[in-house]
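# Chains, contacts and geometry: an overview
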Amino acid sequence: MTPDQIFLFCLFALVFAFFLWGRIRYDIVAFSALLIGVVWGVVPVEETFSGFGHPATLIVALVLIVSGGLMRSGAVVWLAKYLADKNRPPMLHIATLGGAGALMSGFMNNIAALALLMPIDTQTARKAKRAVGMTLMPLSFATILGGMITMIGTPPNIIVATFRNDELGEPFAMFDFAPVGAAVALAGVLFVALVGWRLLPGRVKDGGPKREVIDEFIAELVVPQDSKLEGKRVRDIEERAEDADLAILAVLREGKRRYGAARNIALAAGDVLLVEAAPEGLEEFRSEMKLAFPEADTSDNDKKKAKKDKSGIDIASGAGMVMIEVVVQQGARIAGKTAQSVGLSWRHQAVLMGISREGRTIRDRIRRTTIRPGDIMLLLVPEETQTHVTEWLGGISLAGREQPVFRPRKTAIAVGLFALAVLVASFGLLPLQVALGFVIVGYVLTRVLQLDELYTHVDWPVVVLLGSMIPLGMALDTTGGAALIAGALEQLTAGLPAWVALALIMVITMTLSDILNNNATTILAAPVAIRLAERMEVNPD
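An account of the accompanying structure is given in this report. (Residues numbered from 1 in each chain as written. Predicted model: local features only at pLDDT ≥ 70, side-chain atom pairs only at ≥ 80, totals over all residues. Heavy atoms only, no water.)

### Details of the packing of aromatic side chains
Enumeration according to the criterion identifies 8 aromatic pairs in this entry. Three or more aromatic residues link up through ring pairs in this structure, and these residues are Phe31, Phe49 and Phe52. Across from the ring centre of Phe172, 4.8 Å away, lies the NZ or CZ of Arg164, which sits over that ring. (Phe/Tyr/Trp six-rings, centres within 6.5 Å; stacked < 30°, edge-to-face > 60°. Lys NZ or Arg CZ within 6 Å of the ring centre and 35° of its normal.)

### Details of the pattern of salt bridges
Tallied over the full model, the rule gives 11 salt bridges. Between Glu283 and Arg286 there is a salt bridge, with its nearest N and O atoms 2.8 Å apart. You can see Glu283 and its partner Arg286 sitting in helix 12 (residues 279-289), 3 residues apart, about one turn around the helix. Among the residues examined, Arg286 registers a relative accessible area of 4% and is labelled buried. When the shortest N-O distance is used, the salt bridge between Arg531 and Glu534 registers 2.9 Å. Placement of both Arg531 and Glu534 in helix 21 (residues 518-536) is noted, with a separation of 3 residues, approximately one turn of the helix. Via salt bridges that share partners, Glu167, Asp477, Arg531 and Glu534 belong to a single interconnected network. (Salt bridge = Lys/Arg side-chain N within 4 Å of Asp/Glu carboxyl O. Helix = DSSP H or I, 4+ residues; strand = E, 2+ residues; numbered from the N terminus. Buried < 20%, exposed > 50% of the residue type's maximum accessible area, 1.4 Å probe, protein only.)

### Describing the pairing of strand 4 (residues 272-277)
In terms of burial, strand 4 is a largely internal element, 6 of the 6 residues being buried. Residues of strand 4 alternate between two faces, with Val272, Leu274 and Glu276 on one and Leu273, Val275 and Ala277 on the opposite face, all of them buried. Note: strand 2 (residues 247-253) against strand 4, 5 bridges, orientation antiparallel. Among the inter-strand pairings, Val251 is bridged to a residue of strand 4, identified as Leu273. (Pairing = 2+ DSSP bridges.)

### What about the side chain of Thr48?
Considering the arrangement of structural elements, one finds Thr48 in the loop between helix 2 (26-40) and helix 3 (55-72). Looking at Thr48, the relative accessible area reads 7%, which means it is buried. From its side chain, Thr48 meets the backbone oxygen of Val45 in a polar contact 2.6 Å long. Setting aside residues no more than four positions away along its own chain, Thr48 makes contact with Leu34, Val38, Val43 and Pro471. (Polar contact = N/O pair within 3.5 Å; in protein donor to acceptor, adjacent residues only side chain to side chain. Contact = heavy atoms within 4.5 Å.)

Have a look at this one:
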């Protein structure tokens, strides 16, 4: 071995050790290793940051942004109509929802796909009165399996495709992975649906511990102008409200409440529906019915300030907003006051959506209701200021309970632009990264995504990891380290069929990716696999 090879092997061993240790985040470890490699000289200075402009890094970042746009467009509401059925047995429910998750994760980030489907799964479990733990793990497996179907389904596929382009002059196409990936995904989904969920711990199958109590809020939703609900009666939408676990308590028109008789009232623009629901059900119902958020009761001048600020935040539509749950503490700024009196809307472009209170005695408009210590407020706030608003009010935000705000009017645009990009890239009319770039520009112009949230969907630690590890992976190849490993593997499998060598490298790669980041593992394994194929004179694919 040469000094450079010895150095690289030692450096990678150190990187793996830090990955396993886990006390320092993987992107910092990888970036530090890149700098050390530059100082030693195995990575040329001019190639230091070449990984950040590498097609694999760019495509991963672009796919994450596009996934965010698909998620924001409200596809979950459309899916919920067809996938959520409390009467299905667990096996059929897992097969249906898992199949949808696998298909979605073939074209978007699997975490985004899981985030879209989890509320549907948990709500269906509550309605069916079964433990949600029975179906969540199978759903997780299904979304991971689906990533194998296309080139953009998972970052390792993108990395392998770009390595193939560097070595053979042509990357894998969008659906080159499908024959194997779809077969494995189908087999995996069938397994978790038929057998896998039965292997979960008995306490989950038997109902297990009672589910976490999910607070329900008294909230308001507004019928906007030109709504499809105009002229319909409340009783006409009660069935859909029940599907979303939402109760319509009353209709507010011109400041007056109508309770029991409201079921027969023809709805009109400007009517306010007083409802009771959990945040997930509230947003599901609002998105499907295309209802608006209430605006604050302020002066005309302050209404203009509250409705839209210079960053493009639109309170009425929820663009650029997120719903959070905040517990009111003793001594909080808002305790003993109303949202209107503290100027929540015009000061912070935020709206009090609902209140969860023991006893639920709320007789006034939500924003005119005096807040008490112990109340839980459901707030609609700009994503980037949610922490500041919580601290200003003197409350405690419930971590992990954020509810994204969907834009149902943008669903067709978001899906259509993405489908067009997939077709264009599949037929080779444009490189994938260029096609995805056009999708993102389209999302911004059509307001599927706001400028302020454009980069919030990128998993920056993964981008830094890829940008740092790619030059090191190339250095392993150029210094002959990959060929050295390939030679050792060839000797181990000498005289045996090629599939034995393939199985060996797959087992090694799978084992490493169980304990290390799978993107980093792919960057190191891809050049080794190519060199092994060359030595054995077999097809590198």
